[in-house]
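If you want the building blocks of each chain, they are given just below.
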Amino acid sequence: MNAAVATSVFGAFMVATVALGLLAVRGRGNRGRDGLAEWSVGGRSLGTVFIWVLMAGEGYTSFSYLGAAGWGYNYGAPVLYVVAYMSCGYAVGYVVGPMLWAYARRHGLVGITDMVAHRFGRPWLGALVAVLATVFLLPYIQLQITGMGVVVSTISYGAISLNWAYFIAFAVTTGFVVVSGLRGSAWVSVLKDVLVIATLGFLALYVPMHYFDGYGPFLDRLVTEKSEWLTFPGHGDSGLGQAWFITTSFLNSLTVVIFPTTVAGYLGAKNADVLRRNAMWLPAYNVLLFVPMLLGMAALFVVPGLVGAESNLALFELVVDSLPAWAVGVIGVAAALSSIVPMAVFMLVIGTMWGRSVLSLVPRWQQRQKGAAQTVVVAAGVIALVLTYTAPNTLVRLSLISYEGMAQLLPMVLLGLMWRRLTLLGAMAGLVVGVGVVCGFVFTENDPVWGVNAGIVALGANLAVALAVIYAGPREHDDRPDGDVLARDEPGERQEAAESRKPELSGVGVSEASDAPAGA
């Protein structure tokens, strides 16, 4: 009976989610290049509220809902790096976001692969970056499938096996993103955020009162019996000390601003001021992250003995153990939507990169970019599903692998758009070295290395090689003016950019273009 009630509540909300996604895109353009821009970046017309909930949705995923609790359960204090890097990343995004938005709007671009191809004048480079970014985004999609699968299986009280739960997560999200695109994800983010705030606020009060008679007795017991979880490097021989915390927070705060999904959120905004306001308000959402971290440590006393990937169940073991079935279903919906929204955006971004930068190089696919992108979405989901079955891992571990790999694109994407001297040869040489180093460390299980994040060691090698090649090799000749090569959002250039907009390239209607500020 409990399983029937909880899964019925869950199923009803999933139907409502798909319906909301369909409603969001009703009457929107869906053909040609305009169709791809509408599907992938919401027609570049999303306002402050939608951008806020969309980007908060990308930051608050099943990794945060379940993985943060799992790492709090396993290690304790090191998981606080999540709050640190996201808050610092929003500050970096205050500067970087408007620059990327202006650059993409000016040249009719819809993602980082477009930007790289345009910056260096090489269409094949965009295809290469798309392939590489896909490799490092797949673990994050796997993360969301794993998280939602855990939720579905747990709220069914074991009636649905994890394997079937993973497939349900894949099927629901793939169908949702193919149909609704970025605009649908933004609409559903509103529902998700309401449920997440409500459920976590409730759990933050309920769990300590129910199991420990309040925060005082809980924290007193935590300090007395589990003090190792409250200091670095946390519980066990994890190697996650202060140096790891600092380097990981620094690396991720830079990487998050060029993450393809973050850039998709930037490019969906109707103007640059939306992004600046968004960067100021997003850190407030991080307060919620302390709840699953703390509840993960509370689970140490209630459900001891979870090991490995089982630690992802820490939070929901408390929920199922103490709440009625209908409440389990509602909390399950909040956690599932925390998987669906970011997973939809990740899959959408992969589809867009391939449809725009890879398959568009084939003449017969040039006028069918949206269809090609949607096909790739399904393929990426299938690959991530297979990885979920064959190579399971803890949610935080999957997140770290994605960030360490994507960080190697920082010189090519971010430095390249700010520094004209960066050459294609230098950027490529650094990228090859950086990716090789990070893969070597990760796949030989030497991360952290020398007590620091392996990704930042790889990024250091990346930059060193790139600079050596730049200053030792010949200077590249490019006749284009700086305004066509570099990303800038300066007052003097805003009017020029506004006057040179090409709505037919960016997928924006004339009325939308006229409403945007001069930062385009």
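Note that the coordinates shown come from a computational prediction; the quantities given were computed from them, not determined experimentally. (Residues numbered from 1 in each chain as written. Predicted model: local features only at pLDDT ≥ 70, side-chain atom pairs only at ≥ 80, totals over all residues. Heavy atoms only, no water.)

S.K.: Go over the overall build of the protein chain, please, and point to the residues and values.
M.R.: Counting its secondary structure elements, the protein chain contains 24 helices and 0 strands. Taking all 520 residues of the protein chain together, 59% fall into the buried category. Summing over all exposed atoms, the protein chain offers an accessible surface of approximately 19,000 Å²; the carbon and sulfur share of this is 66%. (Helix = DSSP H or I, 4+ residues; strand = E, 2+ residues; numbered from the N terminus. Buried < 20%, exposed > 50% of the residue type's maximum accessible area, 1.4 Å probe, protein only. Areas by Shrake-Rupley, 256 points an atom, 1.4 Å probe, with all protein chains shown as cover.)

S.K.: Can you tell me about helix 6 (residues 112-120), naming the residues and giving the values?
M.R.: The buried fraction of helix 6 amounts to 8 of the 9 residues, a majority that puts the element mostly inside the structure. Taken together, the buried positions of helix 6 are occupied by Ile 112, Thr 113, Asp 114, Met 115, Val 116, Ala 117, Arg 119 and Phe 120. Looking one or two places after helix 6, you find Gly 121, whose phi comes out positive at around 65°.

S.K.: Which residues make up the packing of aromatic side chains, and what are the values?
M.R.: Scanning the model with the defined rule gives 18 aromatic pairs in all. Ring geometry for Phe 212 and Phe 301: centres 5.8 Å apart, planes at 80°, overall edge-to-face. Note that Phe 212 is positioned in helix 8 (residues 162-212) and Phe 301 in helix 13 (residues 290-302), a separation of 89 residues in sequence. The same class applies to Phe 212 as to Phe 301, namely buried. Between Phe 441 and Trp 450 the ring centres are 6.0 Å apart and the planes differ by 80°, which places this aromatic pair in the edge-to-face class. Accessibility expressed as a relative area gives 16% for Phe 441, which makes it buried. For Trp 450, a relative accessible area of 70% puts it in the exposed group. Directly above the aromatic system of Phe 120 lies the positively charged group of Arg 119, at a separation of 4.5 Å from the ring centroid. (Phe/Tyr/Trp six-rings, centres within 6.5 Å; stacked < 30°, edge-to-face > 60°. Lys NZ or Arg CZ within 6 Å of the ring centre and 35° of its normal.)

S.K.: Account for the pattern of salt bridges, with residues named and values stated.
M.R.: All told, the structure shown has 5 salt bridges when counted by the stated rule. When the shortest N-O distance is used, the salt bridge between Arg 221 and Glu 225 registers 3.2 Å. Within this pair, Arg 221 and its partner Glu 225 are both found in helix 9 (residues 215-225), separated by 4 residues, close to a single helical turn. Two residues, Arg 276 and Asp 273, come together in a salt bridge whose shortest N-O distance is 2.6 Å. (Salt bridge = Lys/Arg side-chain N within 4 Å of Asp/Glu carboxyl O.)

S.K.: Account for empty space enclosed by the protein, with residues named and values stated.
M.R.: Across all of its chains, the model carries 3 cavities of 30 Å³ or more by this definition. Looking at the second largest cavity, it is lined by 12 residues, and the ones nearest its centre are Val 110, Gly 111, Pro 260, Ala 264 and Val 349. (1 Å grid on protein atoms, 1.4 Å probe; cavity = no way out; pocket = protein on both sides within 12 Å on 5 of 7 lines; lining within 4 Å. Points joined across faces, edges and corners; volume = space filled by probe spheres on them.)

S.K.: An account of helix 11 (residues 260-267) is needed here, citing residue identities and associated values.
M.R.: Within helix 11, 8 of the 8 residues are buried, leaving the element largely enclosed by the surrounding structure. For helix 11, the set of buried residues is Pro 260, Thr 261, Thr 262, Val 263, Ala 264, Gly 265, Tyr 266 and Leu 267.

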